[in-house]
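What follows is each chain in one-letter form.
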Amino acid sequence: EPEPEQRAVLRVVRTRHVSIAIRRGPNPVYRWLADRVITSGEAIRRVVLAAGVPPARVVAIPAGVNLESFPFGLKAPEIERELGLGSPVVGSVAMFRGSKGHPQLLQAFARVRERHPRASLLLVGDGIRRPWVEQLAREAGLADAVVFTGFRPDVPALLAAMDCFALASTRTEGVPQALLQAFAVGVPVVASRIGGIPEVVTDGETGLLVESEAVPPLAAAIERVLEDPVGAAQRARAARALVEARFSHGRSVDRLLALYDEVLA
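What you see is a predicted model; the values in this text were computed from it and never measured.

Caption draft 1: Broad picture of the overall build of the protein. A count of helices and strands for the protein gives 10 helices and nine strands. Against the compact-globule benchmark of 18 Å for 265 residues, the protein has a radius of gyration of 20 Å, which places it among compact chains. Its C-alpha atoms give the protein principal-axis dimensions of roughly 75 × 35 × 35 Å. Here the analysis covers contacts within the protein between residues at least 6 apart in sequence; of these, 69% occur between residues at least 24 apart. Approximately 12,900 Å² of the protein is accessible, and the part contributed by carbon and sulfur atoms is 52%.

Okay, here's the thing in structure tokens:
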């Protein structure tokens with residue numbers, strides 16, 4: 001049997017993507033087992049620190065965006081024809097689960113449609129709550145105006161078909177990948193003030209922030225995007241610059257590789 005100093009040392013890196021509080025107590029995975037904990041934003045880093053993990057072991061590294069796959073100003077008229085979208089298009093890319101706020105987004109869209117009767121709501125993604133949200137759309141009389149795509153690999157083109165990207169998250173959120181992808185393509189953004197979203201959406205600068213589960217303000221923010229295209233375009237340019245400076249795929253990979261080198265050393 002090898003001497004103790006010759007045995008391989010197993011290093012453990014744990015990743016956390018949700019901003020739900022971690023119960024205090026022993027928490028062996030976070031406090032003892034993990035040599036490093038990677039979080040997808042500073043808000044989740046604070047959650048991990050609150051559970052008693054030493055600060056030196058917790059690093060915030062949001063997932064980056066491949067800027068070549070998500071070019072700024074991309075157009076996708078073929079998607080609009082394929083899906084039969086009206087105009088303008090409000091859209092979201094998110095799993096259908098309880099924390100993503102699809103019911104609130106539907107309610108806000110119903111208000112928006114009073115002023116924009118030809119508008120479409122484009123919901124990209126899948127999940128266990130999708131049938132329920134489809135039922136909510138039918139009950140609200142919005143079945144013809146809401147397009148559910150399910151899982152799609154062509155997210156850049158779907159984002160390019162949107163006039164406003166809306167993320168109505170309610171309970172937990174890191175720095176959402178889909179939000180950064182919308183930034184990269186140049187889609188003006190409206191999002192909830194929750195979790196790590198305010199780390200990238202500075203209200204009035206890179207997007208518009210609304211309080212979680214506040215339907216009238218969400219509708220008003222979407223209408224502001226649709227009715228003030230000059231201001232929306234200015235925020236979209238600032239959002240793209242933010243992604244280029246801080247959230248590119250290359251930058252995130254470099255930070256991850258440096259972290260693994262540090263742990264292995």
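Caption draft 2: Examining the nonpolar core more closely. One finds Leu 122, Leu 159, Met 162, Phe 165, Phe 183, Val 200 and Val 201 to be the most contacted residues of the largest nonpolar core, which totals 41 residues. If you tally residues by element for this core, the top one is helix α7 (residues 177-185), at seven residues. Excluding residues within four positions of it along the chain, Phe 165 makes contact with Gly 91, Ser 92, Val 93, Leu 159, Ala 178, Leu 179, Ala 182, Val 187, Pro 188, Val 189 and Val 190. Counting 30 residues, the second-largest nonpolar core is a separate cluster that includes Ala 137, Val 146, Ala 221 and Ala 232.

Caption draft 3: Focus on the pattern of salt bridges. In the structure shown here, the tally under the stated rule is 11 salt bridges. Across the pair Glu 82 and Arg 152 runs a salt bridge, and its minimum N-O distance is 2.9 Å. With Glu 82 in helix α3 (residues 77-83) and Arg 152 in the loop between β6 (146-150) and α6 (155-160), this pair connects stretches of sequence that are 70 residues apart. Classification of Arg 152 as buried rests on a relative accessible area of 15%. Note that Glu 173 is salt-bridged to Lys 100, the shortest N-O span being 2.9 Å. Of this pair, Glu 173 sits in the loop between β7 (164-167) and α7 while Lys 100 sits in the loop between β4 (89-93) and α4 (102-115), and the two are 73 residues apart along the sequence. We classify Glu 173 as buried; its relative accessible area is 7%. A relative accessible area of 11% places Lys 100 in the buried class. Via salt bridges that share partners, Glu 82, Arg 152 and Asp 154 belong to a single interconnected network.

What counts as what
- Residues numbered from 1 in each chain as written.
- Predicted model: local features only at pLDDT ≥ 70, side-chain atom pairs only at ≥ 80, totals over all residues.
- Heavy atoms only, no water.
- Helix = DSSP H or I, 4+ residues; strand = E, 2+ residues; numbered from the N terminus.
- Rg over C-alpha atoms; globule rule 2.2 N^0.38 Å.
- Contact = heavy atoms within 4.5 Å.
- Areas by Shrake-Rupley, 256 points an atom, 1.4 Å probe, with all protein chains shown as cover.
- Core = buried A, V, L, I, M, F, W, Y, C linked by side-chain atoms within 4.5 Å.
- Buried < 20%, exposed > 50% of the residue type's maximum accessible area, 1.4 Å probe, protein only.
- Salt bridge = Lys/Arg side-chain N within 4 Å of Asp/Glu carboxyl O.

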